[in-house]
Amino acid sequence: MSSTPEDHLDKESATVTTVLGTPEPKSTVQSRAASPPQVPQEAEYPDGGLKAWLAVFGAVLALFCCGQLTAFGAFETWYAQNQLRDLPASSISWIGSLQLWVLYFSGGFLGRIFDAFGPHVILIPGSILLVFATMVTSICTQYYQFLLAQGLLTGLSYGMLFYPTFASISTHFQKYRATAVGIAIAGSGVGGVVFPIMFRHLFTQIGFGWSVRIAGFMCLVLCAISCATITSRIPPGRKNTKIIPDAKVFRDTPFVLLVSGCLMINFGLFIPFVYLANYSISRGVSSGTSFYVISAMNAGSIFGRIAPPFLADTVGRFNIVIPSTLLMGVLALAFWTFAKSLVAIVLFAVTYGCFSGAFLAMQIPCIAQISNIEEVGTRIGILYSVASFGVLAGSPAAGAVLKADKGSYTGMIILCGVINILGSFLLLCSKRSVNRNLFARV
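Residues numbered from 1 in each chain as written. Predicted model: local features only at pLDDT ≥ 70, side-chain atom pairs only at ≥ 80, totals over all residues. Heavy atoms only, no water.

## Side note on the overall build of the chain
Scanning the chain from N- to C-terminus turns up 16 helices and zero strands. Intrachain contacts of the chain at a sequence separation of at least 6 include 84% that bridge at least 24 residues. (Helix = DSSP H or I, 4+ residues; strand = E, 2+ residues; numbered from the N terminus. Contact = heavy atoms within 4.5 Å.)

So this is what it looks like as structure tokens:
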């Protein structure tokens, strides 16, 4: 008897979850928790080799450039004291929020382009745009100029580097996919450490303009290397990609719950990255030292982007991301609320950075785990496009709460903590829709 399209799809599934305990009859959804079936030679993963690790290396360099995203707190502190000193914090934060929103939202169409044409048709124009937007930012003086150059153009260029790098890695790795993605995304963590410290010294020594231009020249060199080393294992033209995503994607319960959870978490995730520097200044820390608080948070995220994903390949991707996001919320409520001294603030920054780094590193492996490999680029794009609205609203909402509380950070901290905890609950629901066994390796 010939197989149906649905049967064929199940056989081609690239999911890699294994259930602990006595085997039970599996539904279509639960079959994602089984060992991967035999697939054609084209769909086999090398899980290593020169091309695979060169792709990871190139991704590290490209994402190092994207580390300026999580270093925006350093820009916000500088703008608040210099070019945009007449504007409230909530207005300045729109620059960083727009940047993140464009990065996230652009995934909807960039993922489709990757699935159809491969990485280089996105990477090369994205690299050129990043250098151009950075140079334009260096000569901005007005608020609308920063919104257009640093918010819109730079955000789009980050998206054009971000999506093809991760989607390319996913085509090379299956068993060690979380580890490979974690190593790659650690590049943005390193950038998040380096750029605030670099800007801290250069802003005062050579001025804002040349400081940003130096960052632009760095991105030019690193992105050129990335374009030469990042490849996709599935060649362009061999993918049966539709322009419009199949509606069945939006009827996939685990995927919908995963997207919903990531939407909420991304709403609260970046609040400390944007406001912790200003919070430390309100607690008596000098503005110069506050730059290092952002670097400390990004340093913590480096560990979080490497170690938990490495562990996730053994114990399960969802089993890592769920407690990580729960602890992000708990840390905000139980630690940040009472962090008054520089030591306490830095300690919170490092620990929060660690668990937020784990979440950032695990989003894509979780998507890939519940998706067919030829849909990975599309599904990554859908998730980030939806989550973009959480990113866009999160920091300005926190700034509005800060203003309503007349400068008190308590309400903003509670918002950050509660929204992260609610998001972790939705991720748990996504896992249980794959396998209801709470202790399953998913």
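## What to know about a nonpolar patch on the surface
A cluster of nonpolar side chains, namely Leu50, Leu54, Phe57, Ile206, Trp210, Phe217, Leu220, Val221 and Ile225, defines an oily patch on the protein surface of about 870 Å² accessible area. Counting residues per element, the ones that place at least two in the nonpolar patch are helix H2 (50-65) and helix H9 (208-229). No other element matches H9, which puts five residues into the nonpolar patch. (Patch = residues over 30% accessible without salt bridge, like charges linked within 9 Å, V, L, I, M, F, W, Y side chains within 5 Å. Areas by Shrake-Rupley, 256 points an atom, 1.4 Å probe, with all protein chains shown as cover. Salt bridge = Lys/Arg side-chain N within 4 Å of Asp/Glu carboxyl O.)

## Describing the packing of helix H11 (residues 271-282) against helix H16 (residues 410-434)
Helix-helix packing: each pair is described by the crossing angle between the helix axes and the interaxial distance. Packing of H11 against H16 brings their axes to within 12 Å, and their N-to-C directions diverge by 155 degrees. The orientation of H11 with respect to H16, classified from their angle, is roughly antiparallel. The handedness of the crossing between H11 and H16 comes out as left-handed. Contacts from Ile271, Pro272, Tyr275 and Tyr279 of H11 reach H16 at Met412, Ile413, Leu415 and Cys416. Of the residues assigned to the contact of H11 with H16, the class counts are eight nonpolar, no polar and no charged. (Axes fitted to C-alpha atoms, helices over the stretch in contact; angles between N-to-C directions. Parallel < 35°, antiparallel > 145°, perpendicular 65-115°, else oblique. Left-handed = near helix turned anticlockwise from the far one by under 90°. Nonpolar A, V, L, I, M, F, W, Y, C, P; charged D, E, K, R; others polar.)

## Here's the deal with unusual backbone geometry
The backbone of Asp47 sits at a positive phi, close to 50 degrees, despite the residue not being glycine. Tracing the chain through its elements places Asp47 in the loop between helix H1 (5-11) and H2. A positive phi angle is found at Lys406, which is not glycine, with a value near 60 degrees. By secondary structure assignment, the location of Lys406 is in the loop between helix H15 (376-404) and H16. Judged by its relative accessible area of 77%, Lys406 is exposed. (Buried < 20%, exposed > 50% of the residue type's maximum accessible area, 1.4 Å probe, protein only.)

## Here we look at the environment of Asn278
Relative to the elements of secondary structure, Asn278 occurs in helix H11. Looking at Asn278, the relative accessible area reads 16%, which means it is buried. Remark: the alpha-carbon pair of Asn278 and Ala89, spanning 189 residues in sequence, is separated by 9.2 Å. Those residues in contact with Asn278, other than ones at most four positions away along the chain, are Glu76, Thr77 and Tyr409.

## Here we look at the pattern of salt bridges
This model, assessed by the stated rule, comprises one salt bridge. Residues Arg379 and Asp252 are paired through a salt bridge, measuring 3.0 Å at the closest nitrogen-oxygen approach. Separated by 127 residues along the polypeptide, Arg379 in helix H15 and Asp252 in the loop between H9 and helix H10 (253-269) bring together distant segments of the chain. Judged by its relative accessible area of 4%, Arg379 falls in the buried class.

## A closer look at helix H3 (residues 72-81)
The element H3 is largely enclosed, with a buried count of eight among its ten residues. Among all positions in H3, only Phe72, Gly73, Ala74, Phe75, Glu76, Thr77, Trp78 and Tyr79 are buried.

## Let's talk about the packing of aromatic side chains
Inspection of the entire model under this criterion finds 31 aromatic pairs. The ring of Trp210 has Arg213 lying over it, and the distance from NZ or CZ to the ring centre is 4.4 Å. It is Arg379 that lies over the ring of Phe255; its NZ or CZ is 4.8 Å from the centre. (Phe/Tyr/Trp six-rings, centres within 6.5 Å; stacked < 30°, edge-to-face > 60°. Lys NZ or Arg CZ within 6 Å of the ring centre and 35° of its normal.)

## Quick notes on helix H8 (residues 177-206)
Compared with the 44 Å implied by 1.5 Å per residue over 30 residues, the 42 Å span of H8 between its first and last C-alpha is a close match. Among the 30 residues that make up H8, 21 are buried, leaving the element largely enclosed by the rest of the structure. Downstream of H8 by a residue or two, Gly207 has a phi angle that is positive, lying close to 95 degrees. (Expected span 1.5 Å × (residues − 1).)

## Observations concerning the confidence of the model for the chain
Across the chain, the average pLDDT comes to 84, with 88% of residues at 70 or higher. Between residues 1-31, whose pLDDT stays under 50, and residues either more than four places distant or in other chains, the model counts 54 contacts. Below pLDDT 50 for its whole length, residues 34-42 participates in 19 contacts with residues either more than four positions away or in separate chains. (pLDDT = per-residue confidence, 0-100.)

## Remarks on the environment of Ser385
Following the sequence through the fold, Ser385 ends up in helix H15. For the pair Ser385 and Gly107, spaced 278 residues apart in the sequence, the C-alpha separation amounts to 5.7 Å. With sequence-adjacent residues up to four places away left out, Ser385 is seen in contact with Tyr104, Phe105, Gly107 and Gly108. A polar contact is formed between the side chain of Ser385 and the backbone oxygen of Gly381, at a distance of 2.8 Å. (Polar contact = N/O pair within 3.5 Å; in protein donor to acceptor, adjacent residues only side chain to side chain.)

## Describing the environment of Ala349
Positionally, Ala349 belongs in helix H14 (residues 342-369). In this structure the C-alpha to C-alpha distance between Ala349 and Leu331, which are 18 residues apart in sequence, comes to 9.8 Å. Those residues in contact with Ala349 that sit more than four places away from it in its chain are Leu276, Val293, Ala296 and Met297.

## Examining the side chain of Asp47
No salt bridge is formed by the buried Asp47, whose closest oppositely charged neighbour, Arg177, lies at an N-O distance of 7.2 Å. At 3.2 Å, the side chain of Asp47 forms a polar contact with the backbone nitrogen of Tyr176. Residue contacts for Asp47: discarding those within four places in its chain leaves His172, Phe173, Gln174, Lys175 and Tyr176. (Lys, Arg positive; Asp, Glu negative; His and termini not counted.)

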